[in-house]
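Coordinate inspection notes
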Amino acid sequence: MELTGKVAIVTGGSNGIGAAAARRLASLGVRVVVADVDADQGKVVADEVGGVFVRCDVTVPADSASAVEVAVREFGGLDIAFLNAGIGTGCSLGEDFDVETYRRAMAINLDGVVYGAHYALPAVRERGGQIIATASMAGLMPMPGDPIYGANKAAVVALVRALGGAYPDVRVNALCPAFADTNIITPLRSTLEDIGMPILPVSAVVDTFMSIVEGSGTGEAWFVQSGRPSEPFGFRNPPGPRAADGSRLDAACKDPVSIALKES
Ligand SMILES: NC(=O)c1ccc[n+]([C@@H]2O[C@H](COP(=O)([O-])OP(=O)(O)OC[C@H]3O[C@@H](n4cnc5c(N)ncnc54)[C@H](O)[C@@H]3O)[C@@H](O)[C@H]2O)c1
């Protein structure tokens, strides 16, 4: 895939996976808008990649809208929206539960992706581009130590799978890394090391990100796991409705909600 001259927004682009993805994209000729709340580091990354920094708090819808406006104004359009900003939750249920911490985690990790996708869609559709959201392995498997994180990342996977089927002219996929070597794992790092849990180099996560960018699939959730080649996670088909005699129904293959929306 020829990437030279394409335009990307990277949320959470000031650090970690986002900064590394911004560097990789720029090395392939992509014009990059780094969108983050960390302005100091974001400007450093943007300067390094010859891109533009925009202060964007992904929990604020207008900020996601203005990141898209900046991409269109500065570089003429938008081909890739990498909705990657995220935080670890830091609270569980029970005694540990804190409503503000919970709402903040949902706002950044889920609302941020919804707003980002909503505002990116018109520009991305215009260029037949793509949206990639960073979910997590925690969205594909139980994560008892951080159920809120698991919940918002699973929601991102579900969102992406639905959007992948909703827009034939846009590809929408999720990136689902296991533990990777960024600031987000700082509170867990010594435990991970003690139990011998491998920590992915950020470059491995970016390799998979690039496989998605340069691929052709949509509605997929690509895992990144140590010692395994990355690929789209193989979801089992959920059971559809059957007739009283157990035979398959035509309706089982249709999505009644999108049919109703189109007809209304
Ligand atoms: N590192 C891992 O182990 C791991 C594993 C699975 C998924 N992830 C996901 O990868 C993504 C990137 O995280 P990372 O590991 O690079 O961590 P990181 O902390 O290095 O980077 C996260 C970035 O998001 C930015 N950010 C935080 N809140 C924001 C907001 N409200 N608006 C805009 N930007 C905001 C931060 O400033 C930072 O630059 C996150 O979605 C995270 O959940 C990380």
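Under an unreviewed UniProt entry, the chain has the name NADP-dependent 3-hydroxy acid dehydrogenase YdfG and belongs to Lentzea xinjiangensis. UniProt annotates the chain under Sequence similarities (unreviewed entry) with the comment "Belongs to the short-chain dehydrogenases/reductases (SDR) family."

**Some thoughts on the layout of surface pockets**
There is about 250 Å³ of room inside the second largest pocket. Every residue along the wall of the second largest pocket is listed here: Arg161, Ala162, Gly165, Ala166, Asp255, Val257, Ser258, Leu261 and Lys262. For the lining of the second largest pocket, the elements supplying multiple residues, two or more each, are α5 (147-166) and α8 (256-263). Split by residue class, the lining of the second largest pocket holds four nonpolar, two polar and three charged.

**Topic: the sheet that holds strand β7 (residues 221-224)**
One open sheet holds the eight strands; their spatial order is β3-β2-β1-β4-β5-β6-β7-β8, and the pairing between them is mixed. One side of each edge strand has no neighbouring strand; the edge strands of this open sheet are β3 (52-55) and β8 (231-232). Here strand β2 (residues 31-36) pairs with β3 via four bridges, running parallel. Within β3, the residue paired with valine 33 across the bridge is valine 52. Sheet strands touched by helix α3 (residues 61-75): β1 (7-11), β2 and β3. Its angle to β2, the strand with the most contacts, is close to 160°.

**Here's the deal with the site of the ligand**
Near the ligand, the surroundings consist of 29 residues, among which Ile17, Asp36, Tyr149, Ala180 and Thr182 are the closest. Between the ligand and isoleucine 17 there is a distance of 2.8 Å, counted from an oxygen atom to a backbone nitrogen or oxygen. Contact with the protein chains hides 93% of the accessible area of the ligand, taken as 830 Å² for the molecule alone. Every element with two or more residues in the shell around the ligand is listed here: α1 (16-27) and α5. Per-class residue counts for the shell around the ligand are 15 nonpolar, ten polar and four charged.

**Observations concerning the environment of proline 241**
Looking at the element boundaries, proline 241 is found in the loop between β8 and α8. As for proline 241 and valine 44, which are separated by 197 residues in sequence, their C-alpha atoms are 54 Å apart.

**Describing the pairing of strand β5 (residues 130-134)**
Judged by how many residues are buried, β5 sits mostly within the fold: five of five residues are covered. Burial along β5 is two-sided: the residues Gln130, Ile132 and Thr134 and Ile131 and Ala133 are all buried. For strand β4 (residues 80-83) and β5, the ladder comprises four bridges, and the chain directions are parallel. Opposite alanine 81, over in β5, you have isoleucine 131 as the bridge partner. Since β4 and β5 lie parallel, the crossover through helix α4 (residues 99-126) that links them has a hand, and here it is right-handed. Pairing between β5 and strand β6 (residues 171-177): five bridges, direction parallel. Residue pairing across strands places alanine 133 opposite alanine 174, the latter belonging to β6. One crossover worth recording links β5 to the parallel β6 by way of α5, and it is right-handed.

**Some remarks on α3**
Between its first and last C-alpha, α3 extends 21 Å over 15 residues, near the 21 Å set by a 1.5 Å rise per residue. Inspection of α3 places Asp63, Ser64, Ala65, Ala67, Val68, Val70, Ala71 and Phe75 among the buried residues, and these make up the whole buried set. Tucked into the core, α3 has its buried residues touching β1, β2, β3 and α4. Two residues or fewer after α3 comes glycine 76, characterised by a positive phi angle close to 90°.

About the thresholds
Residues numbered from 1 in each chain as written. Predicted model: local features only at pLDDT ≥ 70, side-chain atom pairs only at ≥ 80, totals over all residues. Heavy atoms only, no water. UniProt positions renumbered as here; feature names shortened; annotations may be inferred. 1 Å grid on protein atoms, 1.4 Å probe; cavity = no way out; pocket = protein on both sides within 12 Å on 5 of 7 lines; lining within 4 Å. Points joined across faces, edges and corners; volume = space filled by probe spheres on them. Helix = DSSP H or I, 4+ residues; strand = E, 2+ residues; numbered from the N terminus. Nonpolar A, V, L, I, M, F, W, Y, C, P; charged D, E, K, R; others polar. Pairing = 2+ DSSP bridges. Contact = heavy atoms within 4.5 Å. Axes fitted to C-alpha atoms, helices over the stretch in contact; angles between N-to-C directions. Near = heavy atom within 4 Å. Polar contact = N/O pair within 3.5 Å; in protein donor to acceptor, adjacent residues only side chain to side chain. Areas by Shrake-Rupley, 256 points an atom, 1.4 Å probe, with all protein chains shown as cover. Buried < 20%, exposed > 50% of the residue type's maximum accessible area, 1.4 Å probe, protein only. Right-handed = clockwise from strand over helix to strand, strands pointing away. Expected span 1.5 Å × (residues − 1).

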